[in-house]
2 protein chains.
Amino acid sequence: MSRIVAFETTDIRFPTSLSLDGSDAMNPDPDYSAAYLRIVTDAPAPSSLGASAASDGLSGHAFVFTIGRGNDVQVAALDALAGHLVGRELEPLLDDMGATNRELIGDSQLRWLGPEKGVMHMAIGAVVNALWDIKAKRAGLPLWQLLSRLTSEEIVDLVDFRYLGNALTREEALHILRAAEPGRAQRETELLATGYPAYTTSPGWLGYSDEKLARLCREAIADGFGQIKLKVGADLQDDIRRLRIAREVCGDGFPIAIDANQRWEVPEAIAWVNALAEFEPAWIEEPTSPDDVLGHAEIARGVAPVRVATGEHAQNRVIFKQLLQAGAISVMQIDAVRVGGVNENIANLLLAAKFGVPVCPHAGGVGLCEAVQHLSMFDFVAVAGTREGRMIEYVDHLHEHFVVPTDVRGGAYHAPLAPGAGMEMKPESRAQYEYGTTDAAA
Amino acid sequence: MSRIVAFETTDIRFPTSLSLDGSDAMNPDPDYSAAYLRIVTDAPAPSSLGASAASDGLSGHAFVFTIGRGNDVQVAALDALAGHLVGRELEPLLDDMGATNRELIGDSQLRWLGPEKGVMHMAIGAVVNALWDIKAKRAGLPLWQLLSRLTSEEIVDLVDFRYLGNALTREEALHILRAAEPGRAQRETELLATGYPAYTTSPGWLGYSDEKLARLCREAIADGFGQIKLKVGADLQDDIRRLRIAREVCGDGFPIAIDANQRWEVPEAIAWVNALAEFEPAWIEEPTSPDDVLGHAEIARGVAPVRVATGEHAQNRVIFKQLLQAGAISVMQIDAVRVGGVNENIANLLLAAKFGVPVCPHAGGVGLCEAVQHLSMFDFVAVAGTREGRMIEYVDHLHEHFVVPTDVRGGAYHAPLAPGAGMEMKPESRAQYEYGTTDAAA
């Protein structure tokens, strides 16, 4: 038996607002930050982690991504969960991750702060993800592969089906997973050979000049990306000019998605997107409030055939369920750290499969690419069973801070092979950007 | 000019779990708590506050209600807002409370933590409410009266119409308010004479014996309450037995509402409520996840003519908008501290008026009765223009800790006349129940 001996949290902030990387219509000056969690056990590091991990023992790493102020609040929410973990025996927690997840979600006093939304829910997600990191390291497998080798029954046991009863039952989920079983081995081989498709948002930030936009579009195509994405929503004439530039550089038929980052009212979204329709956007992302299921459905009807995408701010599986039930989205964008961790994202993948909607995860920020690729790769191997019409967002930023940085080449995420969930940040980066102690953003 | 000189927060917890007061199907052992905020100015206390307030100067008091663990996280969220307030001139903040509200909601870095939901949003609500407390104290009026004497234009200036564009425009809101203008003075007189109807939840907690249930039903009727409410959802046979007892004691036709506190799946809710239909419940409250707009609409269709009520956990105006658009609720239950404060609750009242749905606020906990009565009284005088079919929840618990406790007699909330927003807790109570320093709940 091993035991959890420490629950360490760190407030990490990168001063990204100084360069306007990541600027959009709603977030003009983000300082990409991580409320960072390290769950420490008394077990030795498995030899598969290599010599550099010896000093870390067997530890689980995860984080909640924020954009600066308030990262301390997120750290406080993590700290509120320490009492559920410290001193506990490790094996019972890891052996039934479904029960572990339900225990955390089910703390009735903490639940009042959401329920299942916002700071407290994201903190639960980080704990769940850190435990998966430990479980994957102990198994000597990357998370995507660990999940892909579970039986269908083991996978559905991870899911909290509460509040999904009118959309996805345990039996339906089992049916979806069993249908994907026969091809798992072959798809794993394909994934290892060719990776998972990526698209890039790097050209499209609002803070960039037209020249930089055009140059980055050319580079994206040269780098092999199959889609780019542009931020829109601050000024219609600017959007028209920038989309025209991008369309000219990329050529007819090349997928160009647009992203309004929740900027619009429902009628405004419909009018604005229709004014951009001549540029044939691949999708319109986050046209309005992420809480507005009915609004997204109204927009979807009003802008067809342009597809609506959302999800990076969808607070939990109940919102995804409704977006799918209402026909509000044609592309579902999960985020690795917004909801209650790996377990809830498996529920989200199963919902998408049930409704036949492709999942194209949100990424970027700091570490989101490293984290979410595991979920898409699992989706390909064991849930959806296809990469068709699917791709993971990619932004080439801050990867150098991670122990296992993404390997994106030729427009594809190449599958990580190192054991773990991929969210572990290098100790020297954690130390350098710890807030209040260094040159991190004020 | 006055200035905000301090932003004091306190973690206050009452050990209510020891008595099982407040136990329901989802919250078996709440410790009623308050993440308490005091905004201190350098202005003297107005003489209308009386001698006891002299040492407090002109301060604004508000809180977020929680049920125990996590109250420290809520305090951290309050503290994250101090930088927006401390050192600021008071008058510009109070003179344009619409702009002040939008500034707080609009902090793009903090917004990422929600947006507009959970711990961070409730913290913003507490700041807004504390500023309203200052404004009302300075005006020498109770909040309900201060709001009721604003012009219709001043009221709509308080509202953030963002994301309401497809349901309620500024012009429609103005139209609703102007229609209610002629009767304002008369309704204020009526309110002062007869108060606002109350119903009581005291008989219905799950932890009580059948004998206590019957006794408390008799007492509720003797006390003049026009409705009682019973918690349900843990066990159907228990619910049938308890509803039968309540119906026998209260008699045919007496309104008995039932409250499942989010316990059910959608199909389960429909079956369970229909199994209780013979007892003619006045409404079914919180049948499922508070995030599930479409689920509530499905339940509403499945249990008619029993009415569906929800809202105490509705995170913001966007959820209320959709509940109304979908025909999911026949009774709307605002909460004084769940959303972004007085301003967002004015948006919620206007939405309810637009859709013709009565508002029957959630209260209880600690201080929720004291706070929310101001909103219903304002609703009667200046928005809905009627008390018909409306009542405020009442639980006779913990009122003694407030400077201006509720005055509930004859089944009615009698209008508070003391200046302020009603959320100020006595200094000795704050000191006694400060967490970690006293005998408050562990």
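Residues numbered from 1 in each chain as written. Chains lettered and ligands numbered in written order. Predicted model: local features only at pLDDT ≥ 70, side-chain atom pairs only at ≥ 80, totals over all residues.

J.: Can you help me understand the interface of chain A and chain B in this one?
T.: For an interface, size is often stated in terms of accessible area lost upon the parts coming together. Every contact between the two is made by 51 residues of chain A and, on the other side, 51 residues of chain B. Of all the secondary-structure elements, those providing two or more residues to the side of chain A that touches chain B are α1 (71-79), α5 (108-111), α6 (118-139), α13 (266-275), α14 (293-303) and α15 (317-325) of chain A. The dominant element in the side of chain A that touches chain B, judged by the number of residues it contributes, is α1 of chain A, at five residues. Residues of the side of chain A that touches chain B, tallied by class, amount to 22 nonpolar, 19 polar and ten charged. (Contact = placed C-beta atoms within 7 Å. Helix = DSSP H or I, 4+ residues; strand = E, 2+ residues; numbered from the N terminus. Nonpolar A, V, L, I, M, F, W, Y, C, P; charged D, E, K, R; others polar.)

J.: Explanation requested: the pairing of strand β6 (residues 256-259) of chain B in the structure shown.
T.: Looking down a regular strand, the side chains alternate between one sheet face and the other. All names here are of chain B. Side chains Ile256 and Ile258 project from β6 onto one buried face, and the interleaved Ala257 and Asp259 project onto a second face that is buried too. Taken together, strand β5 (residues 228-231), helix α12 (residues 236-250) and β6 form a β-α-β motif whose crossover is right-handed. The pairing of β6 with strand β7 (residues 284-285) spans two bridges and is parallel. Bridge pairing in β7 links Ile258 to Ile284. Read from β6 through helix α13 (residues 266-275) to β7, the crossover connection turns out right-handed. (Buried ≥ 20, exposed ≤ 12 C-beta atoms within 10 Å, placed from the backbone. Right-handed = clockwise from strand over helix to strand, strands pointing away. Pairing = 2+ DSSP bridges.)

J.: Which parts of the structure should I look at to understand the sheet that holds strand β2 (residues 33-41) of chain B?
T.: Through backbone hydrogen bonds, the strands of a sheet pair up, either in parallel or in antiparallel fashion. All names here are of chain B. Here three strands make up an open sheet; going across it, the order is β1-β2-β3 and the pairing antiparallel. Lying at the two open borders of the sheet, with one neighbouring strand each, are β1 (4-13) and β3 (59-66). The mean angle between the axes of side-by-side strands here comes to 15°, regardless of whether they run parallel or antiparallel. Here β1 pairs with β2 via nine bridges, running antiparallel. Looking across to β2, one finds that Phe7 is bridged to Ile39. The strands touched by helix α1 (residues 71-79) within the sheet are β1, β2 and β3, with β1 carrying the most contacts at an inclination of about 170°. (Axes fitted to C-alpha atoms, helices over the stretch in contact; angles between N-to-C directions.)

J.: Teacher, can you tell me more about the domain arrangement of chain A here?
T.: Residue and element names in this part refer to chain A. Per the domain assignment, the segments making up chain A are domain 1 (4-141) and domain 2 (184-428). On a C-alpha basis, the centres of domain 1 and domain 2 stand 23 Å from each other. With 40 residues of domain 1 in contact, the opposing surface of domain 2 contributes 31 residues. Sorting the residues of the side of domain 1 that touches domain 2 by element identifies β2 (33-41), β3 (59-66), α4 (97-105) and α6 as the ones contributing at least two each. With 13 residues, the top contributor of residues to the side of domain 1 that touches domain 2 is α6. When grouped by side-chain class, the residues that make up the side of domain 1 that touches domain 2 number 22 nonpolar, twelve polar and six charged. (Domains from an automatic or database assignment.)

J.: Even after reading the chapter, I still don't get the relation of the copies chain A and chain B, so can you show me in this structure?
T.: Relating the two copies of this chain is a rotation about some axis coupled with a shift parallel to it. Overlaying chain A with chain B gives an RMSD of 0.0 Å, the required rotation being 180° about an axis along which the chain moves by 0.0 Å. Here the symmetry operator amounts to a two-fold rotation axis. For chain A, the minimum C-alpha distance to the rotation axis belongs to Gly118 of chain A and amounts to 2.4 Å. Taken together, the interface assignments show that 100% of the residues at the interface of chain A recur at the interface of chain B, consistent with an identical surface on both copies. (Least-squares fit on C-alpha atoms with pLDDT ≥ 70 in both.)

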